[in-house]
Structure formats: structure tokens, C-alpha cells
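A structural walkthrough
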Amino acid sequence: MALIRFASTVAAALLGLQMTANAQSVRQPPGPPAAAKNADIIAKERINAWTVGLAGGLIEGAPLRLAAEIARVANEEDKLHVIPIVTTGATENVNSLLYLRGVDAAIINTDALDEYKAQVPSIDRRIVYILNLFPAELHVFVRPEIKSLDDLKGKKVNFNTQGTAAAYSGPLIFSRLGLNVEKMFIPHQVALQQMKSGEIAGVVFITSKPIDAFLKGRWEPGYKFLPVEYDSRFEDYYLPSAISSADYPSLVPQGERISTIAVPTILAGYNWPKQSDRYARMARFVEQLFGRLDRLQSPGFDPKWKDVSLRANVPGLARFGPAQEWLDRSPGATVGLSR
């Protein structure tokens, strides 16, 4: 009898569990209907179909701002979705363009390619240029007692934080000039204060002029920009340029020009196979951007866009096929299609 009662108890317990499970299953909300699932899949496919990843740079840097402005004019619902991406700077952008999933284009300084020549001998076939943007000028700004570049030898010179154009290109340029200095890589805002106290002899900026720190800052007499002459040492990646009184009226005497060099900044793309989906995305990106470049040259965008020429070449790199085809179809165009 005890055994029968035990079996009955177990059976009742199992029946209770089964009833509870059945009740719980009844109370569970139904899943989304098939139509809703299909709509979700369609939405995912639509937003991803024409997405282009654009590597910009540091969040406080000019390249990321340019990438954001490109996205503002090129994006169009259901036609193109450009996503600007924060990176750690010029070299990282080349790395991202070569290896990072989802990156189709990048804003890079041309001399950043120098580091990859030995590691990636075929880099000039894997990366193409879309647009030659504008140059980033070299600014060598020094204390009053520094009279020439040679006076900087052995002294502390700041090249901004790692990842910036100055931190990469600055030491490379100084090496070509034969200048052995004590390199520092701290934020320029800090370095400028240390320069005023005499701890640092000079700072190196590489960015589009004018720079607010020199345009709006207060500097005692004697602080100045040093000239850097363009010669055969810089013919591979750089351009001749100048800093004038029009750029910095409080630091450069009226009518004077100080020679310097500039690092070209380009919009580059990965050279995807012609029949691939990624190639098609980049071709549409070119159509949207080139056809609307005049919008970038209107108020509200970086004034440097007004200096951009669609037809400017980039030594050592081939132009992306659809970009060249667009130019061939529009022989009179120098900026956007509506000009």
C-alpha cells in the first residue's frame, strides 16, 4: 500500500508539473509573424546594401571632420550610407583600408604609404585614389632664441600626440632634413605652454592653415615660423608651399612669405575587384560625391573645399576607375556637376 501511495504521489507531482508547463507555454507571447520577420530582413538588406565605411582619423582631427562633411553631402536614403569611422590617425587609416572589414575608403596623407612599401610591395595596386583633397602645411614654430633649423639640433621639439599627422610626418621630414632633435609627443596645447616657459624649443604642426593656436594666440616678439625649402628630398610625396602674413598677420610681417612644404591629403579607396559588390558601392559613392562637390564648397563646410580640384593627380597611385570615368563623361567639370 505504501508503494502504491508513493507512486500516486509521484504521478500527481508529474501531472502538476506538466500542467504548469502547459500553462506557461500558453502564457508566452507569440513570436513575430512571418511578415514582420520578412520586413526586418528587408530593412537590414536595404541599409547594408549601399553602406560605405570611410576611415577618418582622431576625433579632434581635421580628417574626421572632412569625412563627416563628405557623408553629409553624399548620403541619401536607400541610395548611399557613408559611415565616418574614428581611427588613431594617418598610418592607422592605411592599415584599416588594407585589412579592416567594412572599410572601403580612407582619408590619408600620401607619405603614410612610405611605411608600407617594404611590407606591402603591391600597395600601389591595392589602393587607388578618388580625390586629391588639400595640403596639410608644415609649421615649424620656435622660440625667439632659435634662428634656424640647425639651432633645433639636440633640443626638445614637440610633434603632437601619436597618431596625428605631425607625429608621423614630422619626424620623417626632420630625418630627411638631417635634424636630430629630442622628439616629444605630447598634446600641442601643453607643448605650447611649455615652449613659453622655455622647456621646449619648438613645435611642429602639420595641418591645413590657418591654425587657431597661431591665429588667435598671443605671442611675444621673436616667436616665429622657420622656413623649410622644397628640394629633391621631398619630391616623392610633398609639395612646395608657403606661410604668409595673410595666414598669420600677427606673426608674419606684412607682405612676407615663409617657404615650407605640404603633405597632400587624399581620399583613397580599396581597389576592389570590378565585379564585386564593394566595387559597386564605391562606384555609387563616387557618383554621389562628385556630383555634389559644389555643396561642399558652399557656406557651412570647411573653406578648404573651395581649393579642391577634381582633376588634380596623385603621384604614384592610379585613380579609381569610376572616378576617372566620371571625369571623362564631364570634360568641363572642375568641381561639382552643377557648376
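Per chain, the residues get numbers from 1 upward, laid out in the order the sequence is written. Where local features are concerned, this predicted model is filtered to residues with pLDDT of at least 70; where side-chain atom pairs are given and counted, the filter is 80 or more; whole-chain, interface and lining totals use all residues. Side-chain numbers here rest on the full set of heavy atoms in the structure, without hydrogens or water.

Side note on the pairing of strand β10 (residues 257–270)
- Relative accessibility thresholds used throughout: buried, under 20% of the residue-type maximum; exposed, over 50%; partly exposed, between the two (1.4 Å probe, protein chains only). Secondary structure counts use DSSP, requiring at least four H or I residues in a row for a helix and at least two E residues in a row for a strand, with both numbered from the N terminus. Burial of β10 is extensive: twelve of the 14 residues sit out of reach of the surface.
- Where strand β3 (residues 105–109) and β10 come together, five bridges link them in antiparallel fashion. Its bridge partner being in β10, Ile-107 is matched across the sheet by Leu-267.
- Only when DSSP finds a minimum of two bridges between them are two strands counted as paired. Pairing of strand β4 (residues 127–142) with β10 involves eight bridges; the strand directions are antiparallel. If you follow Ala-136 over to β10, its bridge partner there is Val-263.

Quick notes on the nonpolar core
- Counting residues in each nonpolar core, the largest one holds 34 residues, and the members touching the most others are Ile-130, Leu-131, Leu-267, Phe-285, Phe-290 and Trp-305.
- Contributing elements (two or more residues each) for this core: β1 (51–57), α3 (62–74), β3, β4, α9 (277–291), α10 (293–296) and α11 (321–329).
- Other than its neighbours up to four places away in sequence, Leu-267 contacts Leu-54, Ile-70, Ala-105, Ala-106, Ile-107, Tyr-129, Ile-130, Leu-131, Leu-133, Phe-285 and Leu-289.
- Within the second largest apolar cluster, 26 residues are counted, among which are Leu-152, Phe-159, Ala-166 and Val-263. The definition of a nonpolar core used throughout is a set of buried Ala, Val, Leu, Ile, Met, Phe, Trp, Tyr and Cys residues joined through side-chain atoms within 4.5 Å. A contact between two residues is defined here by any heavy atoms of the two lying within 4.5 Å.

Focus on helix α7 (residues 188–196)
- Where α7 is concerned, the buried positions are His-188, Ala-191, Leu-192, Gln-194 and Met-195. Burial along α7 is one-sided: seen end-on, the buried residues are contained in an arc of 165 degrees. Facing away from the buried surface of α7 by more than 90 degrees, the exposed residues are Gln-189 and Gln-193.
- At its buried positions, α7 is contacted by β4, β5 (156–158), α6 (165–177), β6 (182–184), β7 (202–207) and α8 (212–215).
- In the stretch just after α7, Gly-198 is the one whose phi turns positive, near 90 degrees. What the arc describes is the spread of directions from the helix axis to the C-beta atoms.

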